[in-house]
Amino acid sequence: MKKPVKFKSGCFNWKIKWSEETAEELYGKTDHTTKTVTIYQCSSDEVTRETLLHELLHVVLEDKVEAIFNFDSDKKDFDKEENLVRLVSPALMQLINDNPELVRFLSKGGNK
């Protein structure tokens, strides 16, 4: 399957950069300034897909997590968002993988 290179979130157009670099500590990163998600080479397709979902959650949660946790600007605030995404992304990925009919129903073209 062809890897996506762009997506829209809210009123912003985002890019997905599929890096040739091998993942060491981070499998991906999200840059809210340049609206770019970078995914590094992962050990398997499953890890790659879950990493993309993980980064998409960072995109979706931009500004929202700040409101939920009433952030000040220190490192612990980033940790709260990262921990939330780490807890949610594997479970959400499993839900998506285990329920293709549900995903088709939820998607825009699901009723065709």
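Just above, that's the structure.
Keep in mind the model is a prediction, meaning the values are calculated, not measured. Within any chain, residue numbers begin from 1 and follow the written order of that chain's sequence. Local features in a predicted model are, by the rule used here, given only for residues with pLDDT of at least 70; side-chain atom pairs are given and counted only at 80 or more, and totals for whole chains, interfaces and linings are based on all residues. In computing side-chain properties, one takes all heavy atoms of the structure into account and sets aside hydrogens as well as water.

> Give me the overall build of the chain: which residues, what numbers.
A run of H or I in DSSP becomes a helix once it reaches four residues, and a run of E becomes a strand once it reaches two; helices and strands are each numbered from the N terminus. A tally of helices and strands in the chain yields four helices and four strands. Reading the helices (α) and strands (β) of the chain from amino to carboxyl end gives β-β-β-β-α-α-α-α. Within the chain, the proportion of its 112 residues that are buried is 29%. For this analysis, residues touch if any pair of their heavy atoms sits within 4.5 Å. Within the chain, contacts between residues at least 6 apart in sequence are counted, and of these 32% link residues at least 24 apart. For the exposure calls, accessible area comes from a 1.4 Å probe over protein chains only, and a residue counts as buried if that area is under 20% of its type's maximum, exposed if over 50%, partly exposed in between.

> Give me the environment of Lys64: which residues, what numbers.
Structurally, the position occupied by Lys64 is in helix 2 (residues 64–69). Residue classification places Lys64 among the partly exposed residues on the basis of a relative accessible area of 47%. Spatially, the C-alpha atoms of Lys64 and Glu81 are 9.7 Å apart, while their sequence positions differ by 17 residues.

> Requested: an account of the pairing of strand 4 (residues 36–41), with residues and values cited.
With five of six residues buried, strand 4 lies mostly within the body of the structure. Criterion used throughout: strands pair if DSSP finds at least two bridges between them. Here strand 2 (residues 12–22) runs beside strand 4; their pairing, made up of five bridges, is parallel. Bridging from a neighbouring strand, Lys15 pairs with Thr36 of strand 4. Sheet topology note: the strand 3 (residues 28–31)/strand 4 ladder contains four bridges and is antiparallel. Bridging from a neighbouring strand, Thr30 pairs with Val37 of strand 4. Taking the residues between adjacent antiparallel strands as the criterion, strand 3 and strand 4 are bridged by four residues, where Lys35 takes a positive phi near 55 degrees.

> Explain the pattern of salt bridges to me, using residue names and the numbers behind them.
The salt bridge criterion pairs a side-chain nitrogen of Lys or Arg with a carboxyl oxygen of Asp or Glu, the two atoms within 4 Å. For the structure shown, the criterion picks out two salt bridges. Across the salt bridge formed by Arg86 and Glu82, the nearest N and O atoms sit 3.0 Å from each other. Here Arg86 and its partner Glu82 are both found in helix 3 (residues 75–98), four residues apart, which amounts to about one turn of the helix.

> Quick one: what's the story with the nonpolar core, residue by residue and with numbers?
Judged by nonpolar contacts, Phe7, Trp14, Ile16, Val37, Ile39, Leu52 and Val59 together constitute the single largest core of seven residues. If you list the elements that add at least two residues to this core, you get strand 2, strand 4 and helix 1 (45–61). Beyond its immediate stretch of four places on either side in the chain, Trp14 contacts Val5, Lys6, Phe7, Ser9, Thr30, Asp31, His32, Lys35, Thr36, Val37, Val59 and Glu62. To qualify as a nonpolar core, a set must consist of buried Ala, Val, Leu, Ile, Met, Phe, Trp, Tyr and Cys residues joined through side-chain atoms within 4.5 Å.

In short, geometric facts, not functional conclusions.
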